[in-house]
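If you want the building blocks of each chain, they are given just below.
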Amino acid sequence: MKNRKVKLILILSTFLLCLFTSLNIFTSYVKIKKTVEESIANQSLEAARSIASSIDTDAYQQFLNNPQENAYYWKVRSYLNDARIKLGALFVYTLKVDNPEVSTAMITGMPKEMREGFEIGVVCTVPAKEVEKAYNGETYVTEVIHDSIHGSYLSVGAPIKDDNGKIIGFLGIDISADTLNGIKGKVIEDNLFIFIFNGVFILIVIGSFLFLQRWYQKEVAKEVGATEDTYQAEIKALITSVSSLRHDFTNHIQVLHGLLQLEKTEQAKQYLSSLSKEVQAIKSLKLNIDHPGLSILLQTKKLTAQNHNIDMDFTISQDDFNKIKTTDLIKILSNLIDNAIDAAVELPEGQRKIMICCRADEAQYEFKITNTGPNIAHPDQIFKQGFSTKKLENGVLRGQGLFIVKEIVSKYNGHISIDSSTHLETTAIVNIPIK
């Protein structure tokens, strides 16, 4: 009788432990899915705000007054299509919201040859609840929408405001559910070991497992938040740079068109020859770097440097730099390169240079950024929080970049130094030991 009770208790305990383990794994799975979905939605909403702010509202208002497939329509449609491709979105489009229940698409960013289903004034599938938010002037983020034509997707929208702050439309972005599921799957795959570890640990002691689960969830939320902040900052810079390049090349095309209309063929050839050098420079943006995050960051910064006519060169070791977290590596280099760009632009064009070196050996990582520009007057004060060599601006917090860099470097028991002794040249060196 006693043995039967012991067996029953053991079976019941094993069942309960397995049940709690399964529930914990399922809960963690759902939370990660939700966190990833919210993160992608927030990133897409930030991109929508950025694109909406870049639209010429005066010209767009004229289009709304007389919506036709004119030259402006095709120009905006091409611009939105470029944004759609760069963001990896399903659709990028402008919305007209003139009632609280139904919205209509005005300009959808798709290739010119794709006309059917993307005409002016097509009714959108944005749910009435989100349409009402837009009608009241609010941004919106939908749940996953299941559409029989375009499949399943998540939609976000941000207002398009004129110079007086009046909302004249909305900029919508649809993210395919396949994209969301792919990112969720990768995140879940990366966390598979932690799920297994949690399951084994709960078999040892339920109380300790609950404590570790709490700690783990906080760490995941903190990491996702830090990654999101860094990504949003870099994607905004990239969108701004791409928009600037697009604007410049539109001007180039207009100049060439004018020269050819005036039958000044030789001048047009000379102008086109000089323009081809810029095209080759843009092609050279692709970098052969093993670290994906570092590669994207340096390409973004090189594009920014080109927009400021800064000559930027790289020397990068074939190393994955995996001994330092990607978010920390991005924060270190992003702050140092931004400072270098700010300093270089103070010199005349032709004197603006930045050299970036990322090396790795068996003992340490070394990141070296050298830029031309005014020398630092007080290098001993440069790492203090709140100290800045830049001009003061109302409402702008200065002197945080290098302070943040030093905090991160110290976390890895590393060292950072700034040498501004050479005339019109400053070098920042970060050394991080490899444990």
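For the structure itself, look to the data block above.
These numbers were taken from a predicted model, which means no experiment stands behind them.

(A) Geometry of helix H11 (residues 401-411). Gly-401, Leu-402, Val-405, Ile-408 and Val-409 are the residues of H11 that are buried. One side of H11 holds all its buried residues, which, seen down the axis, span an arc of 120°. Of the surrounding secondary structure, the elements contacted by the buried residues of H11 are helix H10 (326-344), strand S10 (415-419) and strand S11 (425-433). Of the residues one or two after H11, Asn-413 is the one with positive phi, at around 55°.

(B) Broad picture of the packing of aromatic side chains. Evaluated as defined, the whole model comprises 9 aromatic pairs. Residues Phe-63 and Tyr-72 carry aromatic rings whose centres are separated by 6.2 Å and whose planes lie at 45° to one another, so their mutual orientation is tilted. In this structure Phe-63 comes out as buried when scored by relative accessible area, which is 2%. A network of ring pairs unites the aromatic residues Tyr-60, Phe-63, Tyr-72, Tyr-73 and Trp-74 as a single cluster. The positively charged end of Lys-112 is found above the aromatic ring belonging to Trp-74, 5.0 Å away from the centroid.

(C) Representation of the pairing of strand S7 (residues 311-316) in the model. Pairing analysis gives 6 bridges linking S7 to strand S8 (residues 353-360), with the strands arranged parallel. By the bridge assignment for S8, Thr-315 is matched with Cys-357. Taken together, S7, H10 and S8 constitute a β-α-β crossover, and its handedness is left-handed.

Calculation rules
- Residues numbered from 1 in each chain as written.
- Predicted model: local features only at pLDDT ≥ 70, side-chain atom pairs only at ≥ 80, totals over all residues.
- Heavy atoms only, no water.
- Buried < 20%, exposed > 50% of the residue type's maximum accessible area, 1.4 Å probe, protein only.
- Helix = DSSP H or I, 4+ residues; strand = E, 2+ residues; numbered from the N terminus.
- Arc of directions from axis to C-beta.
- Contact = heavy atoms within 4.5 Å.
- Phe/Tyr/Trp six-rings, centres within 6.5 Å; stacked < 30°, edge-to-face > 60°.
- Lys NZ or Arg CZ within 6 Å of the ring centre and 35° of its normal.
- Pairing = 2+ DSSP bridges.
- Right-handed = clockwise from strand over helix to strand, strands pointing away.

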